Amino acid sequence: MPSVFITGASRGIGRAAALLFGSKGYQVGINYLSNEAAARSLAGELKDLGANSLLLQGDVSDRAQVRRMFSLLEYRFGGLDVLVNNAGIAQQKVFSEITDEDWDRMFSVHVKGTFYCCQYAVPLMRNAGRGSIVNVSSMWGQTGGSCEVHYSAAKAAVIGMTRALAKELGLSHIRVNCVAPGVINTDMNAFLEEGALEEIRRSTPLGCVGTPEDAAAAICFLAGEESRFITGQVLSPNGGLVIG
Ligand code: NAP
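Let me sum up the structure you'll find in this document. (Residues numbered from 1 in each chain as written. Predicted model: local features only at pLDDT ≥ 70, side-chain atom pairs only at ≥ 80, totals over all residues. Heavy atoms only, no water.)

**Re helix H8 (residues 212–223)**
Moving on, step 1. In a regular helix each residue adds 1.5 Å, so twelve residues correspond to 16 Å; H8 covers 16 Å between its end C-alpha atoms and thus fits that length.
Moving on, step 2. Looking at the buried residues of H8, the elements they touch are helix H1 (12–23), strand S4 (82–85), strand S5 (131–136), strand S6 (174–179) and strand S7 (234–235). (Helix = DSSP H or I, 4+ residues; strand = E, 2+ residues; numbered from the N terminus. Expected span 1.5 Å × (residues − 1). Contact = heavy atoms within 4.5 Å.)

**Some details on the sheet that holds strand S2 (residues 27–32)**
Moving on, step 1. If you trace the seven strands from one edge of the open sheet to the other, you get S3-S2-S1-S4-S5-S6-S7, paired in parallel fashion. Only two strands of the sheet have a single neighbouring strand rather than two, namely strand S3 (53–57) and S7.
Moving on, step 2. In the sheet, S5 pairs with S6 via six bridges, with the strands oriented parallel. Within S6, the position partnered with valine 136 by the bridge is valine 179.
Moving on, step 3. Packed on one face of the sheet, H1 meets strand S1 (3–6), S2 and S4 and runs near 175° to S1. (Pairing = 2+ DSSP bridges. Axes fitted to C-alpha atoms, helices over the stretch in contact; angles between N-to-C directions.)

**Here's the deal with the site of the ligand**
Moving on, step 1. In the region of the ligand, 34 residues are neighbours, and Ser10, Ser34, Tyr151, Thr186 and Asn189 sit closest.
Moving on, step 2. Within the backbone of isoleucine 13, an N or O atom sits 2.8 Å from an oxygen atom of the ligand.
Moving on, step 3. Here an oxygen atom of the ligand sits 2.8 Å away from a polar atom, N or O, in the main chain of asparagine 35.
Moving on, step 4. Computed on the free molecule, the ligand has an accessible area of 910 Å², of which 96% lies beneath the protein chains in the complex.
Moving on, step 5. Those elements giving two or more residues to the shell around the ligand turn out to be H1, S2, helix H4 (100–128) and helix H6 (149–169).
Moving on, step 6. The element best represented in the shell around the ligand is H4, accounting for three residues. (Near = heavy atom within 4 Å. Polar contact = N/O pair within 3.5 Å; in protein donor to acceptor, adjacent residues only side chain to side chain. Areas by Shrake-Rupley, 256 points an atom, 1.4 Å probe, with all protein chains shown as cover.)

**Re the packing of helix H3 (residues 63–77) against H4**
Moving on, step 1. As a packed pair, H3 and H4 sit with axes 9 Å apart at the nearest point and diverge in direction by 30°. Between H3 and H4, the angle falls in the class roughly parallel. Here the hand of the crossing between H3 and H4 comes out right-handed. Here Arg63, Val66, Arg67, Phe70 and Glu74 of H3 lie close against H4, whose contacting residues are Phe115, Tyr116, Cys117, Gln119, Tyr120, Ala121 and Leu124.
Moving on, step 2. Broken down by class, the residue content of the contact of H3 with H4 amounts to eight nonpolar, one polar and three charged. (Parallel < 35°, antiparallel > 145°, perpendicular 65-115°, else oblique. Left-handed = near helix turned anticlockwise from the far one by under 90°. Nonpolar A, V, L, I, M, F, W, Y, C, P; charged D, E, K, R; others polar.)

Take a look at the structure:
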(Lines give C-alpha, C1' and ligand atoms only; values in the text may rest on other atoms or scores of the structure.)
Protein backbone atom coordinates (compact mmCIF):
# COMPACT_ATOMS: atom_id res chain seq x y z
CA MET A 1 0.00 0.00 0.00
CA PRO A 2 1.52 3.39 -0.95
CA SER A 3 2.13 5.89 1.82
CA VAL A 4 2.01 9.67 2.06
CA PHE A 5 3.11 12.06 4.80
CA ILE A 6 1.25 15.36 4.80
CA THR A 7 2.37 18.19 7.05
CA GLY A 8 -0.35 20.47 8.40
CA ALA A 9 -3.02 17.90 7.59
CA SER A 10 -5.43 18.70 10.42
CA ARG A 11 -7.18 21.52 8.54
CA GLY A 12 -7.69 23.21 5.20
CA ILE A 13 -5.71 22.10 2.16
CA GLY A 14 -3.73 19.42 4.02
CA ARG A 15 -6.91 17.83 5.32
CA ALA A 16 -8.52 17.78 1.86
CA ALA A 17 -5.33 16.25 0.44
CA ALA A 18 -5.32 13.57 3.17
CA LEU A 19 -8.89 12.57 2.28
CA LEU A 20 -8.09 12.48 -1.44
CA PHE A 21 -4.96 10.34 -0.94
CA GLY A 22 -6.92 8.11 1.44
CA SER A 23 -9.64 7.63 -1.18
CA LYS A 24 -6.93 6.57 -3.65
CA GLY A 25 -5.69 3.78 -1.39
CA TYR A 26 -2.77 5.52 0.36
CA GLN A 27 -1.98 5.11 4.03
CA VAL A 28 -1.69 8.62 5.41
CA GLY A 29 0.71 10.16 7.94
CA ILE A 30 -1.27 13.08 9.43
CA ASN A 31 0.94 15.80 10.86
CA TYR A 32 -0.54 18.59 12.96
CA LEU A 33 0.82 21.15 15.38
CA SER A 34 -1.79 21.69 18.09
CA ASN A 35 -5.25 20.82 16.79
CA GLU A 36 -5.44 17.22 17.99
CA ALA A 37 -9.25 17.02 17.85
CA ALA A 38 -9.28 17.95 14.15
CA ALA A 39 -6.48 15.47 13.40
CA ARG A 40 -8.34 12.67 15.23
CA SER A 41 -11.55 13.44 13.41
CA LEU A 42 -9.65 13.26 10.09
CA ALA A 43 -8.23 9.88 11.10
CA GLY A 44 -11.82 8.73 11.76
CA GLU A 45 -12.94 9.90 8.31
CA LEU A 46 -9.99 8.11 6.70
CA LYS A 47 -10.92 4.94 8.55
CA ASP A 48 -14.46 5.21 7.14
CA LEU A 49 -12.85 5.36 3.68
CA GLY A 50 -10.91 2.19 4.52
CA ALA A 51 -7.60 4.07 4.74
CA ASN A 52 -4.98 3.43 7.39
CA SER A 53 -3.51 6.54 9.05
CA LEU A 54 -0.99 7.61 11.65
CA LEU A 55 -1.24 10.75 13.78
CA LEU A 56 2.05 12.62 14.02
CA GLN A 57 2.04 15.65 16.27
CA GLY A 58 5.04 17.89 15.78
CA ASP A 59 6.37 21.28 14.79
CA VAL A 60 7.94 21.06 11.33
CA SER A 61 10.31 23.89 12.17
CA ASP A 62 12.02 21.78 14.85
CA ARG A 63 14.54 19.25 13.50
CA ALA A 64 14.29 16.90 16.50
CA GLN A 65 10.50 16.74 16.21
CA VAL A 66 10.68 16.11 12.46
CA ARG A 67 13.26 13.33 13.03
CA ARG A 68 10.95 11.71 15.61
CA MET A 69 7.96 11.86 13.25
CA PHE A 70 9.92 10.24 10.42
CA SER A 71 11.17 7.46 12.72
CA LEU A 72 7.59 6.65 13.68
CA LEU A 73 6.50 6.87 10.07
CA GLU A 74 9.21 4.48 8.90
CA TYR A 75 8.43 2.06 11.72
CA ARG A 76 4.69 2.02 10.95
CA PHE A 77 4.65 2.38 7.16
CA GLY A 78 8.02 0.77 6.34
CA GLY A 79 8.88 3.58 3.90
CA LEU A 80 7.44 6.61 2.21
CA ASP A 81 6.19 7.15 -1.35
CA VAL A 82 4.97 10.74 -1.17
CA LEU A 83 5.83 13.75 1.00
CA VAL A 84 3.57 16.81 0.95
CA ASN A 85 5.13 19.87 2.61
CA ASN A 86 1.94 21.79 3.30
CA ALA A 87 2.14 23.12 6.90
CA GLY A 88 2.00 26.87 6.93
CA ILE A 89 1.19 30.09 8.71
CA ALA A 90 0.25 33.53 7.42
CA GLN A 91 0.53 37.04 8.77
CA GLN A 92 -0.52 40.39 7.35
CA LYS A 93 1.75 43.27 8.39
CA VAL A 94 3.16 46.35 6.72
CA PHE A 95 6.83 45.83 5.91
CA SER A 96 8.13 48.36 8.49
CA GLU A 97 6.37 46.51 11.32
CA ILE A 98 7.68 43.01 10.60
CA THR A 99 9.88 42.00 13.55
CA ASP A 100 12.87 39.65 13.58
CA GLU A 101 10.65 37.13 15.35
CA ASP A 102 7.93 37.41 12.67
CA TRP A 103 10.55 36.97 9.92
CA ASP A 104 12.26 34.02 11.60
CA ARG A 105 8.99 32.21 12.37
CA MET A 106 7.79 32.61 8.78
CA PHE A 107 11.04 31.17 7.40
CA SER A 108 11.28 28.47 10.08
CA VAL A 109 7.87 27.00 9.34
CA HIS A 110 7.88 27.27 5.53
CA VAL A 111 11.54 26.99 4.55
CA LYS A 112 13.22 25.08 7.37
CA GLY A 113 10.13 22.88 7.74
CA THR A 114 10.32 21.90 4.07
CA PHE A 115 14.12 21.48 4.30
CA TYR A 116 13.91 19.19 7.36
CA CYS A 117 11.08 17.03 6.01
CA CYS A 118 12.84 16.61 2.66
CA GLN A 119 16.10 15.66 4.40
CA TYR A 120 14.38 12.82 6.28
CA ALA A 121 12.16 11.74 3.40
CA VAL A 122 14.84 11.51 0.71
CA PRO A 123 16.79 8.57 2.25
CA LEU A 124 13.55 6.58 2.55
CA MET A 125 12.71 7.32 -1.08
CA ARG A 126 16.25 6.55 -2.25
CA ASN A 127 16.03 3.15 -0.51
CA ALA A 128 12.86 2.44 -2.45
CA GLY A 129 14.39 3.76 -5.68
CA ARG A 130 11.53 6.21 -6.20
CA GLY A 131 9.43 8.91 -4.61
CA SER A 132 7.55 12.13 -5.09
CA ILE A 133 7.70 15.37 -3.11
CA VAL A 134 5.11 18.13 -3.43
CA ASN A 135 5.87 21.44 -1.77
CA VAL A 136 3.07 23.92 -1.16
CA SER A 137 4.04 27.50 -1.98
CA SER A 138 1.60 30.29 -2.86
CA MET A 139 0.83 32.65 -5.73
CA TRP A 140 2.44 35.28 -3.49
CA GLY A 141 5.68 33.31 -3.80
CA GLN A 142 5.40 33.84 -7.57
CA THR A 143 4.22 37.45 -7.69
CA GLY A 144 4.78 38.96 -4.23
CA GLY A 145 1.94 40.06 -1.95
CA SER A 146 1.63 43.51 -0.40
CA CYS A 147 1.73 43.46 3.44
CA GLU A 148 3.00 39.87 3.26
CA VAL A 149 6.67 40.42 2.38
CA HIS A 150 8.01 37.77 4.78
CA TYR A 151 5.34 35.26 3.67
CA SER A 152 6.02 35.99 -0.02
CA ALA A 153 9.80 35.69 0.45
CA ALA A 154 9.47 32.37 2.30
CA LYS A 155 7.11 30.98 -0.35
CA ALA A 156 9.50 32.11 -3.12
CA ALA A 157 12.25 30.22 -1.31
CA VAL A 158 10.07 27.10 -1.38
CA ILE A 159 9.83 27.42 -5.16
CA GLY A 160 13.62 27.81 -5.43
CA MET A 161 14.16 24.77 -3.22
CA THR A 162 11.74 22.76 -5.36
CA ARG A 163 13.59 23.55 -8.59
CA ALA A 164 17.08 22.89 -7.22
CA LEU A 165 16.12 19.66 -5.46
CA ALA A 166 14.34 18.39 -8.58
CA LYS A 167 17.63 18.69 -10.48
CA GLU A 168 19.60 16.96 -7.74
CA LEU A 169 17.19 14.05 -7.23
CA GLY A 170 16.09 13.29 -10.78
CA LEU A 171 18.59 10.48 -11.27
CA SER A 172 17.37 8.93 -8.01
CA HIS A 173 13.88 8.78 -9.57
CA ILE A 174 12.55 11.21 -6.99
CA ARG A 175 10.37 13.96 -8.42
CA VAL A 176 9.98 17.32 -6.70
CA ASN A 177 7.19 19.69 -7.65
CA CYS A 178 5.34 22.62 -6.21
CA VAL A 179 1.72 23.74 -5.93
CA ALA A 180 1.23 27.51 -5.62
CA PRO A 181 -2.45 28.09 -4.81
CA GLY A 182 -4.35 31.32 -5.22
CA VAL A 183 -7.02 32.29 -2.70
CA ILE A 184 -8.42 29.12 -1.13
CA ASN A 185 -11.30 29.10 1.32
CA THR A 186 -9.62 27.93 4.56
CA ASP A 187 -9.04 29.24 8.10
CA MET A 188 -5.97 31.03 6.75
CA ASN A 189 -8.24 33.47 4.91
CA ALA A 190 -10.82 33.84 7.68
CA PHE A 191 -9.62 37.43 8.17
CA LEU A 192 -10.93 38.43 4.71
CA GLU A 193 -14.23 40.29 4.93
CA GLU A 194 -17.03 39.75 2.41
CA GLY A 195 -16.16 42.97 0.54
CA ALA A 196 -12.54 41.84 0.07
CA LEU A 197 -13.65 38.38 -1.03
CA GLU A 198 -16.04 39.91 -3.55
CA GLU A 199 -13.20 42.03 -4.94
CA ILE A 200 -11.04 38.90 -5.29
CA ARG A 201 -13.86 37.06 -7.09
CA ARG A 202 -14.30 40.03 -9.45
CA SER A 203 -10.57 40.04 -10.31
CA THR A 204 -10.43 36.27 -10.86
CA PRO A 205 -11.15 35.09 -14.42
CA LEU A 206 -13.06 32.05 -13.14
CA GLY A 207 -15.09 34.32 -10.84
CA CYS A 208 -14.65 32.44 -7.55
CA VAL A 209 -12.17 31.59 -4.81
CA GLY A 210 -10.86 28.03 -4.62
CA THR A 211 -11.80 25.20 -2.30
CA PRO A 212 -9.31 23.06 -0.35
CA GLU A 213 -10.30 20.25 -2.73
CA ASP A 214 -9.13 22.34 -5.73
CA ALA A 215 -5.66 22.63 -4.21
CA ALA A 216 -5.68 18.97 -3.08
CA ALA A 217 -6.42 17.82 -6.64
CA ALA A 218 -3.30 19.63 -7.91
CA ILE A 219 -1.19 18.14 -5.09
CA CYS A 220 -2.44 14.63 -5.77
CA PHE A 221 -1.84 14.99 -9.51
CA LEU A 222 1.79 16.04 -8.97
CA ALA A 223 2.31 13.25 -6.43
CA GLY A 224 1.03 10.39 -8.56
CA GLU A 225 1.97 8.38 -11.62
CA GLU A 226 -0.08 10.58 -14.00
CA SER A 227 2.69 13.18 -13.67
CA ARG A 228 5.61 10.76 -13.95
CA PHE A 229 7.45 12.97 -16.51
CA ILE A 230 6.97 16.21 -14.54
CA THR A 231 9.56 17.49 -12.08
CA GLY A 232 10.77 20.89 -10.88
CA GLN A 233 7.49 22.54 -11.91
CA VAL A 234 5.04 24.90 -10.25
CA LEU A 235 1.31 24.29 -10.73
CA SER A 236 -0.99 27.11 -9.67
CA PRO A 237 -4.62 26.41 -8.85
CA ASN A 238 -5.69 30.07 -8.73
CA GLY A 239 -8.75 30.50 -10.98
CA GLY A 240 -6.62 32.53 -13.39
CA LEU A 241 -5.83 35.29 -10.88
CA VAL A 242 -2.15 34.85 -11.78
CA ILE A 243 -1.34 33.79 -15.33
CA GLY A 244 2.18 33.31 -16.65
P1 NAP B 1 -4.76 26.39 7.52
O2 NAP B 1 -6.16 26.01 7.22
O3 NAP B 1 -4.49 27.58 8.37
O4 NAP B 1 -4.02 25.10 8.15
C5 NAP B 1 -2.67 25.18 8.49
C6 NAP B 1 -2.18 23.80 8.86
O7 NAP B 1 -0.76 23.89 9.13
C8 NAP B 1 -2.83 23.25 10.11
O9 NAP B 1 -2.99 21.86 9.94
C10 NAP B 1 -1.79 23.55 11.21
O11 NAP B 1 -1.86 22.64 12.31
C12 NAP B 1 -0.51 23.33 10.42
N13 NAP B 1 0.67 23.99 10.99
C14 NAP B 1 0.90 25.32 11.17
N15 NAP B 1 2.13 25.51 11.67
C16 NAP B 1 2.70 24.29 11.81
C17 NAP B 1 3.96 23.82 12.26
N18 NAP B 1 4.89 24.66 12.71
N19 NAP B 1 4.20 22.49 12.26
C20 NAP B 1 3.26 21.62 11.81
N21 NAP B 1 2.05 21.99 11.37
C22 NAP B 1 1.78 23.31 11.36
O23 NAP B 1 -3.93 26.64 6.17
P24 NAP B 1 -4.25 26.31 4.63
O25 NAP B 1 -4.95 27.48 4.07
O26 NAP B 1 -4.81 24.95 4.50
O27 NAP B 1 -2.76 26.36 4.05
C28 NAP B 1 -2.00 25.19 3.78
C29 NAP B 1 -0.79 25.61 2.97
O30 NAP B 1 -1.21 26.25 1.77
C31 NAP B 1 0.12 26.61 3.68
O32 NAP B 1 1.46 26.33 3.41
C33 NAP B 1 -0.28 27.94 3.06
O34 NAP B 1 0.74 28.90 3.14
C35 NAP B 1 -0.58 27.51 1.65
N36 NAP B 1 -1.45 28.40 0.91
C37 NAP B 1 -2.72 28.66 1.34
C38 NAP B 1 -3.52 29.51 0.60
C39 NAP B 1 -4.92 29.86 1.02
O40 NAP B 1 -5.51 30.75 0.37
N41 NAP B 1 -5.51 29.21 2.01
C42 NAP B 1 -3.02 30.09 -0.56
C43 NAP B 1 -1.73 29.81 -0.97
C44 NAP B 1 -0.96 28.95 -0.23
P45 NAP B 1 -2.91 22.87 13.54
O46 NAP B 1 -4.28 22.58 13.00
O47 NAP B 1 -2.50 21.87 14.58
O48 NAP B 1 -2.77 24.28 13.98
